Amino acid sequence: MSMQHALFDTAGPKARIRVRVFTALSIVLLLTIIGLAYWQLYLSGALAPSKWMPFTQPAIQSYFAGALGRTALAALGAAVIAVPLGLLLALGRLSPIAVLRWPATAFIEFFRAIPVLLVIYTFMFALPSYGINPSEYLKLVIPVGLCASAVIAEVFRAGVLSIPRGQDEAGLSVGLTRGQSFRLVVFPQAVRVVVPALVAQAVIVVKDTAFGYVVSYPELQQSARVLVANTRNLVQTYFVVTVIYIIINLLISRAAVWLDRKLATRRAGKPKFVSLTTGRGPIQ
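Residues numbered from 1 in each chain as written. Predicted model: local features only at pLDDT ≥ 70, side-chain atom pairs only at ≥ 80, totals over all residues. Heavy atoms only, no water.

Visitor: Where do I start with the pattern of salt bridges in this structure?
Guide: Side chains bearing opposite charge may pair, as long as their charged atoms lie close to each other. Applying the stated criterion to the full structure yields five salt bridges. Between Glu-109 and Arg-93 there is a salt bridge, and its shortest N-O distance comes to 3.0 Å. Here Glu-109 is found in helix H5 (residues 98-113), whereas its partner Arg-93 is found in helix H4 (residues 58-94), with 16 residues between them in sequence. Taking the shortest distance from any N to any O, the salt bridge between Glu-109 and Arg-112 comes out at 3.8 Å. One end of the pair, Glu-109, and the other, Arg-112, are both in helix H5, three residues apart, so they sit about a helical turn from each other. Judged by relative accessible area, Glu-109 falls into the partly exposed class, the value being 34%. Counted as one network, the salt bridges with shared partners bring together Arg-93, Glu-109, Arg-112, Glu-154 and Arg-157. (Salt bridge = Lys/Arg side-chain N within 4 Å of Asp/Glu carboxyl O. Helix = DSSP H or I, 4+ residues; strand = E, 2+ residues; numbered from the N terminus. Buried < 20%, exposed > 50% of the residue type's maximum accessible area, 1.4 Å probe, protein only.)

Visitor: It is not clear to me how the nonpolar core should be interpreted in this structure. Could you clarify?
Guide: Soluble globular proteins: nonpolar side chains tend toward being buried together. By size, the foremost hydrophobic cluster in this structure holds 43 residues, and its most contacted members are Phe-64, Leu-140 and Leu-220. Contributing elements (two or more residues each) for this core: H4, H5, helix H6 (116-126), helix H7 (136-162), helix H9 (178-208), helix H10 (220-231) and helix H11 (234-269). Sort the elements by how many residues they give to this core and H7 lands first, with eleven residues. Here Leu-140 is in contact with Ala-74, Ile-120, Asp-208, Thr-209, Phe-211, Gly-212, Val-215 and Tyr-217, once residues within four sequence places are set aside. (Core = buried A, V, L, I, M, F, W, Y, C linked by side-chain atoms within 4.5 Å. Contact = heavy atoms within 4.5 Å.)

Visitor: Is there a simple way to think about the side chain of Gln-201 in this case?
Guide: Among the structural elements, Gln-201 can be located in helix H9. Judged by its relative accessible area of 8%, Gln-201 falls in the buried class. Once residues within four sequence positions are removed from consideration, Gln-201 is found in contact with Ala-148, Val-151 and Ile-152.

Visitor: Quick question: what am I supposed to make of the confidence of the model for the protein chain here?
Guide: When pLDDT drops low, the exact placement of atoms in the prediction is not to be read closely. Per-residue confidence for the protein chain gives a mean pLDDT of 83; residues scoring 70 or more make up 89%. Averaged over each element, pLDDT in the protein chain is lowest for helix H1 (residues 3-7) (44) and highest for H5 (93). Taken as a whole, residues 1-7 scores under 50 in pLDDT and shows two contacts with residues more than four places along the chain or in a different chain. Counted against residues more than four places away or in other chains, residues 272-279, with its pLDDT under 50, gives 17 contacts. (pLDDT = per-residue confidence, 0-100.)

Visitor: For this particular structure, what's the right way to read the packing of H4 against H5?
Guide: When two helices pack together, you describe them by how their axes are tilted relative to each other and by the distance separating the axes. Viewed as axis vectors pointing N to C, H4 and H5 meet at an angle of 130°, and their least axial separation amounts to 7 Å. Viewed along their axes, H4 and H5 adopt a mutual orientation that is oblique. When you trace H4 past H5, the crossing you get is left-handed. Residue-level contacts link Leu-85, Leu-89, Gly-92 and Arg-93 of H4 to Leu-100, Arg-101, Ala-104, Thr-105, Phe-107, Ile-108 and Glu-109 of H5. Split into classes, the residues belonging to the contact of H4 with H5 amount to six nonpolar, two polar and three charged. (Axes fitted to C-alpha atoms, helices over the stretch in contact; angles between N-to-C directions. Parallel < 35°, antiparallel > 145°, perpendicular 65-115°, else oblique. Left-handed = near helix turned anticlockwise from the far one by under 90°. Nonpolar A, V, L, I, M, F, W, Y, C, P; charged D, E, K, R; others polar.)

Visitor: Please clarify how unusual backbone geometry should be interpreted in this entry.
Guide: Phi is mostly negative for residues that are not glycine, and the peptide bonds are mostly trans. At Ser-216, a residue that is not glycine, the phi angle is positive and equals roughly 65°. Tracing the sequence through the fold places Ser-216 in the loop between H9 and H10.

Visitor: Explanation requested: a nonpolar patch on the surface in the structure shown.
Guide: Taken together, Ile-17, Val-21, Phe-22 and Leu-25 make up a surface patch of nonpolar side chains, about 410 Å² in accessible area. Along the chain, Leu-25 turns up in helix H2 (residues 13-44). For Leu-25, a relative accessible area of 52% puts it in the exposed group. (Patch = residues over 30% accessible without salt bridge, like charges linked within 9 Å, V, L, I, M, F, W, Y side chains within 5 Å. Areas by Shrake-Rupley, 256 points an atom, 1.4 Å probe, with all protein chains shown as cover.)

Visitor: How should I be thinking about H5 in this particular structure?
Guide: What sets the pattern is the α-helix's 3.6 residues per turn: residues three or four places apart point alike. Taking 1.5 Å per residue as the helical rise, H5 with its 16 residues ought to reach 22 Å, and the 22 Å between its terminal C-alpha atoms agrees with that figure. Those residues of H5 that sit buried are Ala-104, Thr-105, Ile-108 and Phe-111. Buried residues along H5 cover an arc of 150° about the axis, so they all sit on one side. H5 presents Val-99, Trp-102 and Ala-113 as exposed residues on the side facing more than 90 degrees away from its buried surface. For H5, the elements touching its buried residues are H4, H6 and H7. (Expected span 1.5 Å × (residues − 1). Arc of directions from axis to C-beta.)

See the structure below:
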């Protein structure tokens, strides 16, 4: 039974007609909304060429390039925190040792439950009263990284649990220790499984850097706010910022496709048996 048939019954003739009708109505409604929005912008003069000319100036383009670089730096810093910490938390939650499992579980559930903005406010207002006052960059990067690490931990844990138990048992049966079996057999397969989810989380991390306006970190969104305050070109500025975010997310998605193919090729080229003595290469 396919997944589609498992989730939904096969549509009959009347149901297919209803689906087509509702789809057509939805498309017409969407096009109507877009047309009305375009007409209102046209009447207000927001679409006049003179409103878009500033974005062709090298100074504005350089301004956006700097803001984009700071956004990338913030996202990279958050990823440096989130990925290793998420992996450690996943291993802790999977551990049979209660001393490791319960603190990891508490950390994951806590940071999954609270909004990123609340953590940023904690770093901005609460911690400075106790003498802890990091830079604007760290006030943004650390909260985003902590919240992302909780989600990434669950992604890694789900990936490990999705691997059939027989894979681990196969590693143990050829003489590997449990740690070697996890590192050489289970974990590489789990990474391949979770790549799409990790990419989705990377997109979320990039978008979460927009909270930089709270701490006055000059990332893309905050820089756009400053530009709007000076030029009054609100629609044009945020349209450009939206396009930039879309391009970034598309590039991340393309990178994920490339990485997925690379992992598949590498996995196909690896030996399928493991040496009993060295843990590497085919059995001789």
